[in-house]
Amino acid sequence: MKHFISILMMIYLVYSGALAQENYIPTAENLKNREEFQDMKFGVFIHWGIYSMMADGEWIMNNKNLNYKEYALLAQGFYPSAFDAAKWVSDVKASGAKYICITSRHHDGFSMFGTKQSPYNIVDATPFKRDIIKELAEECHKQGIKLHFYYSILDWSRDDYFPIGRSGRGVGRTNKGEWKTYHNFMLNQLTELLTNYGEIGAIWFDGMWDQPEDFDWKLREIYDHIHSIQPGCLIINNHHLAPIEGEDGQTFEKDLPGQNQSGYSSTATVGKLPLETCETMNHTWGYSITDKDYKSEKELIHYLVKAAGNNANLLMNVGPRPNGEFPDIAIERYLAIGRWLNEYGESIYGTRGGIIEPRDWGVTTQKGNKIYVHILNLEDDALYLPIQGKMIASVKQFIDGKPIKFTTSEKGILLNLNSKPDAIDYVLEIDMK
Ligand code: FHN
């Protein structure tokens, strides 16, 4: 009998353990942070590492099949003499962005923070010896910018990232390490990131696509570990899939939610979590000396507005130079977005995707009883909206409050704009009754 009861107990424990793994219940703080995350609407992504010295993007180690031991020697020459966290954060603020997501460790395996888990980090392996993540965190907290950490779960330099994945196959690793030590290494680094740098808005994972679909990353253990240290910290994973239990947000790479122009998003079903889309200003994420093909101010503002209309944040990337400065053209673009947000921010911050689905002419955003109509591309001097006229109190130009005349039909209204809009974003404000 005793034996029978202990078997029952064991079954119960295993089963309840499995259930605990399955049902992630976010804390109230986490839910509040999700709302705040959605309200912020605009963030700056920073891809920076020792690869910036080679000035050809963050994948150079893989793309040129650089031997991992040889590549590691780059660290000895990394001295970003112009790095100034205060300047970064004030430029980010001037862009109107409310958060920064920075690469704490990219696929090359080099940690941009002072970690005790490996000497291959900015404090111990470079003559610079400064923990740039610490300086950035302090400045973000001081200037009221939220800080998110990008964290690669694939690694081209460690033997214990084994089996080797789809990428980094030509960098010379021949040893076979134990996955368990890699897993523990990640858990310990995450502990450091979540205890040494104050409140962290999100951990943003990347690289899961490196292994086959059925690979067991023991994600849930990683996610629970993060939430056990900072329950409010959002977990976002750029795995290009539908959200996985334990996550708090969903990101799309170079695509608005539901699109698949990048080729990354074919399996990324849009879920119910807060949404984000990340994009490059030019073509590469890490600094490239030749890639000068920057998107125009108009294109960038349109992307931000379209993201908002699709109920998503925009995370717009910059790849700092090896000396630690943002490229001048990136700063110019950020400042242009900031000037636009100074005027039109009310129609973006704190909004959610509007009741009218995105259209070819533009998008709508919504806050309380106000609908903002963002006309980005209209060939006519009139616009039909499927909103019942009787529900509308007024329609006006956002910028100066000038009333807009409209006629009502059975299912909607026809706005008389007088002329074809030519602003970067012609914004109308509709007050609902
Ligand atoms: O391989 C990375 C790439 O370098 C960059 O970090 C982007 C950002 O979304 N994510 C990966 C590609 O999916």
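This structure is a prediction, so every number in the text was calculated from the model and none was measured. Within each chain, residues carry numbers counting from 1 in the order of the written sequence. A pLDDT threshold of at least 70 governs which residues receive local features in this predicted model, and a stricter bar of 80 or more applies before side-chain atom pairs are shown or counted, although totals over entire chains, interfaces and linings include all residues. To obtain the side-chain values, all non-hydrogen atoms of the structure were included, while hydrogens and water were left out.

## As for the packing of helix α10 (residues 297-309) against helix α11 (residues 328-344)
Next, step 1: Where helices are involved, their axes are fitted lines through C-alpha atoms of the stretch in contact, as for all axes, and angles between N-to-C directions lie from 0 to 180°. Strands are runs of DSSP state E lasting at least 2 residues, helices are runs of H or I lasting at least 4, and numbering of each runs from the N terminus. Two elements in contact, α10 and α11, have axes whose closest approach is 10 Å; the angle formed by their N-to-C orientations is 55 degrees. Between α10 and α11, the interaxial angle falls into the category oblique. For the crossing formed where α10 meets α11, the hand is right-handed. Across the interface between the two elements, E297, L300, I301, L304 and V305 from α10 touch R333, A336, I337, R339, W340 and L341 from α11. We call two directions roughly parallel when the angle between them is under 35 degrees, roughly antiparallel when it is over 145, roughly perpendicular when it lies between 65 and 115, and oblique otherwise. Definitions for this section: a left-handed crossing has its near helix turned counterclockwise from the far helix by less than a right angle. A right-handed crossing has that turn clockwise. Residue contacts are counted whenever heavy atoms from the two residues lie within 4.5 Å of one another.

## Points about the packing of aromatic side chains
Aromatic rings in a pair are described by how distant their centres are and how their planes are angled relative to each other.
Next, step 1: Stacked, tilted and edge-to-face are the three classes applied to pairs of Phe, Tyr and Trp rings, where Trp contributes its six-membered ring and a pair requires centres within 6.5 Å; stacked means planes under 30 degrees apart, edge-to-face means over 60, and tilted covers the rest. Scanning the entire structure with this criterion turns up 29 aromatic pairs.
Next, step 2: These aromatic residues form a ring-pair network of at least three members: Y161, W179, Y182, F185, F215 and W217.
Next, step 3: When the ring centre of F185 is taken as origin, the NZ or CZ atom of R158, which lies over that ring, is 3.7 Å away. For a ring to carry a charge above it, either NZ of a lysine or CZ of an arginine must fall within 6 Å of the ring centroid while also lying within 35 degrees of the normal to the ring plane.

## Observations concerning α10
Next, step 1: The span one expects for a helix is its residue count, reduced by one, times 1.5 Å. The terminal C-alpha atoms of α10 lie 18 Å apart, and with 13 residues this matches the ideal 18 Å at 1.5 Å per residue to within 8%.
Next, step 2: Of the residues flanking the end of α10, it is N311, one or two places downstream, whose phi is positive at about 70 degrees.

## Concerning the pairing of strand β15 (residues 413-416)
Next, step 1: The buried label goes to any residue with under 20% of its type's maximum accessible area, the exposed label to any with over 50%, and the partly exposed label to all in between, with areas taken from a 1.4 Å probe on protein chains only. Only one face of β15 is covered, namely the one carrying I413 and L415; the face carrying L414 and N416 has none of its residues buried.
Next, step 2: Whether two strands pair comes down to DSSP finding at least two bridges between them. Where strand β12 (residues 382-385) and β15 come together, 4 bridges link them in antiparallel fashion. Counterpart to L385 in the pairing with β15 is I413.
Next, step 3: In the sheet, strand β14 (residues 405-408) pairs with β15 via 4 bridges, with the strands oriented antiparallel.

## So, the sheet that holds strand β5 (residues 234-238)
Next, step 1: The parallel open sheet is built from 8 strands, whose spatial order is β5-β4-β3-β2-β1-β8-β7-β6. Two strands lie at the open edges of the sheet, namely β5 and β6 (250-253), each paired on one side alone. With direction set aside, neighbouring strand axes in the sheet form an average angle of 25 degrees.
Next, step 2: Where strand β3 (residues 146-152) meets strand β4 (residues 202-206), 5 bridges bridge the pair, whose relative direction is parallel. Across the sheet, residue F149 finds its bridge partner in β4, namely I203.
Next, step 3: The strands touched by helix α2 (residues 28-40) within the sheet are β1 (42-46), β2 (99-105), β3, β5, β7 (275-280) and β8 (312-318), with β5 carrying the most contacts at an inclination of about 55 degrees.
Next, step 4: Contacting β1 and β8, α11 crosses the sheet at an angle of about 170 degrees to β1.

## Here's the deal with the site of the ligand
Next, step 1: Proximity criterion: a residue is near a molecule or strand once any of its heavy atoms comes within 4 Å of it. Residues in close proximity to the ligand total 14 residues, the closest being H47, E58, W59, D206 and E253.
Next, step 2: H107 is positioned with one of its side-chain polar atoms (N or O) 2.8 Å from an oxygen atom of the ligand.
Next, step 3: Side-chain atoms alone can form a polar contact between residues adjacent in sequence; in general such a contact is a pair of N or O atoms within 3.5 Å, and within protein one must be able to donate a hydrogen while the other accepts it. Y150 places a side-chain nitrogen or oxygen 3.3 Å from an oxygen atom of the ligand.
Next, step 4: Here the ligand, which alone exposes 330 Å², has 96% of that area covered by the protein. Calculation of accessible area relied on Shrake-Rupley with a 1.4 Å probe; when residues are assessed, cover is drawn exclusively from the protein chains displayed.

## Focus on the pattern of salt bridges
Side chains that differ in sign of charge can pair as their charged atoms come close.
Next, step 1: Between Lys or Arg on one side and Asp or Glu on the other, a salt bridge is scored when a side-chain nitrogen of the former is within 4 Å of a carboxyl oxygen of the latter. Here the structure, examined in full by the defined rule, presents 21 salt bridges.
Next, step 2: A salt bridge links R352 to D39; the nearest nitrogen and oxygen atoms lie 2.8 Å apart. Here R352 is found in strand β9 (residues 352-353), whereas its partner D39 is found in helix α2, with 313 residues between them in sequence.
Next, step 3: Note on D39: relative accessible area 30%, which makes it partly exposed.
Next, step 4: With a closest N to O distance of 2.7 Å, D91 and K87 form a salt bridge. Here K87 and D91 lie together in helix α5 (residues 85-94), a separation of 4 residues that amounts to about one turn.
Next, step 5: The class of D91 is buried, set by a relative accessible area of 12%.
Next, step 6: Each of K370, K396, E429 and D431 takes part in one network of salt bridges that share partners.

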